[in-house]
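Below are the chains, spelled out letter by letter.
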Amino acid sequence: MGDRSDHEDCKFGIDCDLASEFRVERAVRLSQLVPVVQHWLRREEIMSERNAAGRFDAAAFHAALDRTRQERGVLWKDVAKQAGVSASTLTRLAQGRRPDVDGLAALVTWANISADDFVRRNDEPRAADTLTKVATHLRGDRNLTPEAADALEALIAVAYKQLATSGPE
């Protein structure tokens, strides 16, 4: 047994050698945690960088799929079958979760939409970009005359400016 007066732990009647072994063992376990903690910190840093660069708006993607589904007059189970994805993929989307890459590819193909339209970048000018996209779609719609597209564009622009939030989502 070591000298009890040399160690703080010893005054409580703890065997000083045992206490030293415990400290060494604990230090070894803690040193093994350092790389794990560093890994998680780096992972969080990478995720922050990714989120700063852009994020996928699953809710908007689901809303676009729902509009397409309604236009085609099909049920969600039909969407899953026609797109070649599982029903659980569509359920996860409805819950605001992101689809896997293969599911995303299948669904954008089924709906004839671009995944890029649902990537939100922090540095993009949202209002002008949104109105430009809407105008482009309206002018490309074969069911609308140029005058009807102009009227809808003006109507949407006024409504958008009244309802849009001033800051980022």
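For clarity, every value in this text was computed on a predicted model and none was experimentally measured. (Residues numbered from 1 in each chain as written. Predicted model: local features only at pLDDT ≥ 70, side-chain atom pairs only at ≥ 80, totals over all residues. Heavy atoms only, no water.)

1. A look at a nonpolar patch on the surface
On the surface, Leu152, Leu155 and Ile156 cluster together to form a nonpolar patch covering roughly 240 Å² of accessible area. Among the residues examined, Leu155 registers a relative accessible area of 57% and is labelled exposed. (Patch = residues over 30% accessible without salt bridge, like charges linked within 9 Å, V, L, I, M, F, W, Y side chains within 5 Å. Areas by Shrake-Rupley, 256 points an atom, 1.4 Å probe, with all protein chains shown as cover. Salt bridge = Lys/Arg side-chain N within 4 Å of Asp/Glu carboxyl O. Buried < 20%, exposed > 50% of the residue type's maximum accessible area, 1.4 Å probe, protein only.)

2. Focus on helix 5 (residues 101–111)
Along helix 5, the positions that sit buried rather than exposed are Gly103, Leu104, Ala106, Leu107, Val108, Trp110 and Ala111. Of the surrounding secondary structure, the elements contacted by the buried residues of helix 5 are strand 1 (55–56), helix 2 (58–72), helix 3 (76–83) and helix 4 (87–94). For helix 5, the capping residue at the N-terminal end is Asp100, with a side-chain oxygen 3.3 Å from the backbone nitrogen of Asp102. Positioned one or two residues after helix 5, Asn112 has a phi angle of 60°, which is positive. (Helix = DSSP H or I, 4+ residues; strand = E, 2+ residues; numbered from the N terminus. Contact = heavy atoms within 4.5 Å. Polar contact = N/O pair within 3.5 Å; in protein donor to acceptor, adjacent residues only side chain to side chain.)

3. Points about the side chain of His62
Within the secondary structure layout, His62 lies in helix 2. The contact partners of His62, leaving out residues within four places of it in the chain, are Trp76, Leu90, Leu93 and Ala94.

4. Looking at the confidence of the model for the chain
Looking at the chain, the pLDDT average stands at 76 and 62% of residues meet or exceed 70. At the level of individual helices and strands, the chain shows its lowest average pLDDT in helix 1 (residues 16–53), which scores 61, and its highest in helix 3, which scores 96. (pLDDT = per-residue confidence, 0-100.)

5. Digging into the packing of aromatic side chains
For the coordinates displayed, the defined rule picks out three aromatic pairs. In this structure an aromatic cluster arises from ring pairing among Phe56, Phe61 and Phe118. Directly above the aromatic system of Trp110 lies the positively charged group of Arg72, at a separation of 4.4 Å from the ring centroid. (Phe/Tyr/Trp six-rings, centres within 6.5 Å; stacked < 30°, edge-to-face > 60°. Lys NZ or Arg CZ within 6 Å of the ring centre and 35° of its normal.)

6. Re helix 4
Taken together, the buried positions of helix 4 are occupied by Thr89, Leu90 and Leu93. Down the axis of helix 4, the sector holding all buried residues measures 95°, keeping them to one side. Turned more than 90 degrees off the buried face of helix 4, the exposed positions are Ala87 and Ala94. The inward-facing, buried residues of helix 4 contact helix 2, helix 3 and helix 5. (Arc of directions from axis to C-beta.)

7. Describing the nonpolar core
Judged by nonpolar contacts, the single largest core of 19 residues is most densely connected at Phe61, Leu65, Val85, Leu90, Leu93, Leu107 and Trp110. Among the secondary structure elements, those contributing two or more residues to this core are helix 2, helix 3, helix 4 and helix 5. Sort the elements by how many residues they give to this core and helix 5 lands first, with six residues. Excluding anything up to four places from it in sequence, Leu90 contacts His62, Trp76, Val79, Ala80, Val85 and Leu107. (Core = buried A, V, L, I, M, F, W, Y, C linked by side-chain atoms within 4.5 Å.)

8. A short note on unusual backbone geometry
Phi at Asn112 is positive, roughly 60°, even though this residue is not glycine. By secondary structure assignment, the location of Asn112 is in the loop between helix 5 and strand 2 (119–120).

9. Observations concerning the packing of helix 2 against helix 4
Axis separation between helix 2 and helix 4 bottoms out at 8 Å; the angle between their running directions is 120°. Classed by the angle they form, the pair helix 2 and helix 4 counts as oblique. Contacts between helix 2 and helix 4 pair Ala58, Phe61, His62 and Leu65 from the former with Leu90, Leu93 and Ala94 from the latter. Residue composition of the contact of helix 2 with helix 4, by class: six nonpolar, one polar and no charged. (Axes fitted to C-alpha atoms, helices over the stretch in contact; angles between N-to-C directions. Parallel < 35°, antiparallel > 145°, perpendicular 65-115°, else oblique. Nonpolar A, V, L, I, M, F, W, Y, C, P; charged D, E, K, R; others polar.)

10. Quick notes on the side chain of Thr89
Topologically, Thr89 is positioned in helix 4. Judged by relative accessible area, Thr89 falls into the buried class, the value being 5%. A polar atom in the side chain of Thr89 sits 3.0 Å from the side chain of Ser86. If sequence neighbours within four positions are ignored, Thr89 has contacts with Pro99 and Leu107.

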